[in-house]
Amino acid sequence: MTSTEAAASALQDHAALWSVGDVRASDVVGAACDALVAGLDSPGLRILAACTRAEADYDVHELLPQALEELGLTFYPVASDAGNEAAVRALARRMLAGELSPREFTFRIHQRHGHELALTEPLAELDDEYDTLEYGDKTAAQIDAEVTAEARRLAAHPYVPTEPTDTLS
């Protein structure tokens, strides 16, 4: 993956995680800055990257859709099903990159989605297994391996949105 592809992927992941409240608006601005440095460019991306931390909380919701559209990326409306699934996949990539432990990954997924989202049901069940280690027949290392395999599966199959990506009203 080229540095511009990696920067586009990171920006897309930050946008998805922001749409579900997992990262701050200032983190999205930081990803926009990184994207510019990596060689991505568009008028909307420049404006987004120019936001200060104080402005980010107020302006990202208006600036992000245009910046993503100009780059051919997907905007996920806040709390949308598509956004939730994209955020799960982004967290899986973060876990695989070593930013989250397998235990922390399953805990965050289980806490946010419970057993409600079909995409994350295997992870919720694995989180339950972590909680009952002393009573079960698996070791933490075995559960970690299963979580890692599930994260690889999620990260390998990017989500294709089925709902509109219109800007917020």
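No experiment lies behind these values; they were computed from the predicted model shown. (Residues numbered from 1 in each chain as written. Predicted model: local features only at pLDDT ≥ 70, side-chain atom pairs only at ≥ 80, totals over all residues. Heavy atoms only, no water.)

This paragraph deals with the overall build of the protein chain. In terms of helices and strands, the protein chain carries eight helices and zero strands. Moving toward the C terminus, one meets the helices and strands of the protein chain in the order α-α-α-α-α-α-α-α. Taken against the 2.2 N^0.38 rule, which gives 15 Å for 169 residues, the C-alpha radius of gyration of the protein chain at 17 Å falls within 12% of a compact globule. Projecting the C-alpha coordinates of the protein chain onto the three principal axes gives extents of approximately 55 × 35 × 30 Å. When the accessible surface of the protein chain is split by element, carbon and sulfur atoms take 51% of a total near 8800 Å². (Helix = DSSP H or I, 4+ residues; strand = E, 2+ residues; numbered from the N terminus. Rg over C-alpha atoms; globule rule 2.2 N^0.38 Å. Areas by Shrake-Rupley, 256 points an atom, 1.4 Å probe, with all protein chains shown as cover.)

Let us now look at the pattern of salt bridges. As enumerated under the stated definition, the model contains 11 salt bridges in all. For Arg93, the salt bridge identified is with Asp13, shortest N-O distance 2.5 Å. Note that Arg93 is positioned in helix H5 (residues 81-96) and Asp13 in helix H1 (residues 3-19), a separation of 80 residues in sequence. With relative accessibility at 13%, the residue Asp13 sits in the buried group. When the shortest N-O distance is used, the salt bridge between Lys138 and Glu146 registers 2.7 Å. Glu146 sits in the partly exposed class, given a relative accessible area of 32%. (Salt bridge = Lys/Arg side-chain N within 4 Å of Asp/Glu carboxyl O. Buried < 20%, exposed > 50% of the residue type's maximum accessible area, 1.4 Å probe, protein only.)

On to the nonpolar core, then. Of all hydrophobic cores here, the largest spans 45 residues; its most connected members are Trp18, Leu48, Val60, Leu64, Phe105 and Val147. Among the secondary structure elements, those contributing two or more residues to this core are H1, helix H2 (25-38), helix H3 (43-49), helix H4 (53-70), H5, helix H6 (102-113), helix H7 (121-131) and helix H8 (140-156). (Core = buried A, V, L, I, M, F, W, Y, C linked by side-chain atoms within 4.5 Å.)

Turning to the side chain of His14, a few remarks are in order. Its location among the elements puts His14 in helix H1. The exposure class assigned to His14 is buried, which follows from its relative accessible area of 17%. Discounting chain neighbours no more than four positions away, the residues touching His14 are Val23, Asp27, Val28, Ala31 and Arg94. (Contact = heavy atoms within 4.5 Å.)

On to H2. Look at H2: 20 Å from first C-alpha to last across 14 residues, which is about the 20 Å you get at 1.5 Å a residue. Buried residues along H2 sit against H1, H3 and H4. Just beyond H2, the residue with positive phi is Gly39, at close to 115°. (Expected span 1.5 Å × (residues − 1).)

Mapped onto the elements of the fold, Thr120 is located in the loop between H6 and H7. Contact partners of Thr120, with chain neighbours within four places excluded, come to Val88, Ile109, His113 and Gly114.

This next bit is on the confidence of the model for the protein chain. Per-residue confidence for the protein chain gives a mean pLDDT of 90, with 92% of residues at or over 70. Here residues 159-169 scores under 50 on pLDDT; set against residues more than four positions off or in separate chains, the count is 20 contacts. (pLDDT = per-residue confidence, 0-100.)

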